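Spelled out from the first residue to the last, the chains are:
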Amino acid sequence: MVKRTLQELIEVFLFKKKTIIIYGARQVGKTTLVEELVKNLTEQTLFLNGDDADVRELFTNASATRLHPVIGRHKIVIIDEAQRIPETGLVLKIIHDNFKDIQLLATGSSSFELANKVNEPLTGRKFEFFLHPLSFGEMVSHHGFLTEKRLLEHRLIYGYYPDIALNVGEELKLLKNLVSSYLYKDLFVLEQIQKPVLLEKILKALALQTGNEVSFSELAQLLGSDRSTIEKYIDFLEKAHIIFCLNGLNRNVRNEIKKGRKIYFYDNGVRNAVLGNFSPINARADAGPLWENFVISERYKFLSNKDIEFNRYFWRTTQKQEIDYIEEYRGKYSAYEIKWNPGARAALSRTFSNAYPGTEFKIITPENMNEFIMDRV
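Along each chain, residues carry numbers from 1 onward, in the same order as the chain's sequence is written. With pLDDT at 70 or above as the cut-off, local features in this predicted model cover only qualifying residues; side-chain atom pairs require 80 or more to be listed or tallied, and sums for whole chains, interfaces and linings still use all residues. Side-chain numbers come from the whole structure's heavy atoms, not from hydrogens or water.

Draft legend 1. Broad picture of the pairing of strand β3 (residues 76–80). Between buried and exposed lies partly exposed: a residue is buried under 20% and exposed over 50% of the maximum accessible area for its type, with that area taken using a 1.4 Å probe on protein chains only. Secondary structure counts use DSSP, requiring at least four H or I residues in a row for a helix and at least two E residues in a row for a strand, with both numbered from the N terminus. Of all the five residues making up β3, five are buried; the element is thus mostly covered by neighbouring parts of the structure. Of the two faces of β3, the one lined by Ile76, Ile78 and Asp80 and the one lined by Val77 and Ile79 are each fully buried. DSSP calls a pair of strands paired once it identifies at least 2 bridges connecting them. Two elements, strand β2 (residues 45–49) and β3, share five bridges in a ladder whose sense is parallel. Following the sheet pairing, Thr45 is matched in β3 by Ile76.

Written out as structure tokens, the structure reads:
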């Protein structure tokens, strides 16, 4: 069992008279996490799964009177896959408001389904957390630094979804099953997703453009669609925790790209499964983009698991000057170039350093990645 970094963060907030909601894509380990959270607690626990028809029926037309015999003397109530329950927010509010000594935990695989249902009913009543796939740091804690570092090229290809990372020899089969059967499940049940084939084409196009600036208009032209549909589907993919965006930094330089965006996958394995390419890293033309996606997603996990909020960007000018990744905290900038080749050289653009004085600059390679994705804040 791999201990999740988020567990320690959530434990601090237990029994603080707030509902705890854990978001994350399917198969990232939300159910296992809540089970670990309560495993050593002495309070009686009620576990309900929103995927079960009788549980959904139980919460239909929910009221405190109807729920009282179900909750009984339980002091911890877990509702897994809560997005499947109609009027989830109202159900959680009823439990929160009428059972004062209860610690309520809910998990949801799609923020666009669950968050839209709970934000208003649970205003001021909840703590929210986001669970990623496993991280490099978590696996280092699990079986040691040297073992995990030796698996780096393997992780670049197959990623960190728990089932894939922990079942050696079955990665390819499990990853294909994840992408074909689970990952898009919530997207495809939405009425708005009327063209699943287009969604898959968008994902493939985004995978091919990893590390490059993405134009919605160009995607629309390439895929024979319209810009608004492309934007809508990409928004769904973000809210399903499959991809995330970096916006271009544009504050001080006249010729900075104003509306640029780069899109990354939360998990390298998913990105490669979308392309159907599991070739080893030394046989790939996209080693650089794979490494960039890995480093930025691992940095994202690290900051999220530590509950640290930085503004994050890339930077590019119309003269093709660029920086892969930038973080801003309280007006201070840190800039990073991400290079798969440990011997690669790079320097901070004078244009950037003049516009953003005092910027710290580093090159991130496999040789010095540890601090950046495990320790550095």
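Draft legend 2. Region of interest: the sheet that holds strand β10 (residues 332–338). Read across the open sheet, the six strands follow the order β7-β6-β8-β9-β10-β11; overall the sheet is mixed. The sheet is open, and its two borders are formed by β7 (261–265) and β11 (360–364), each paired with just one other strand. Across this sheet, the average inter-strand angle for adjacent strands is 35 degrees, counted without regard to direction. Contacts are assigned to residue pairs that have any heavy atoms within 4.5 Å of one another. As a rule, the C-alpha atoms of each element are fitted with a line to give its axis, helices using only the stretch in contact, and angles between N-to-C directions run from 0 to 180 degrees. Helix α13 (residues 196–208) contacts β6 (243–248) and β7 of the sheet and is inclined by roughly 105 degrees relative to β7.

Draft legend 3. Expanded view of the pairing of strand β4 (residues 103–108). Counting buried residues in β4 gives six out of six residues, a clear majority hidden from the surface. Burial of β4 is two-sided: the residues Gln103, Leu105 and Thr107 facing one way and the residues Leu104, Ala106 and Gly108 facing the other way are all buried. Examined bridge by bridge, strand β1 (residues 19–23) and β4 share four bridges and lie parallel to one another. Bridge pairing in β4 links Tyr23 to Gly108. Two elements, β3 and β4, share four bridges in a ladder whose sense is parallel. In the sheet register, Ile76 faces β4, and the bridge partner there is Gln103. With its strands directed away from the observer, a crossover is right-handed exactly when the path from the first strand over the helix to the second travels clockwise. A crossover links β3 with its parallel partner β4, the connecting element being helix α5 (residues 88–98), and its sense is right-handed.

All we've got here are geometric facts, nothing functional implied.
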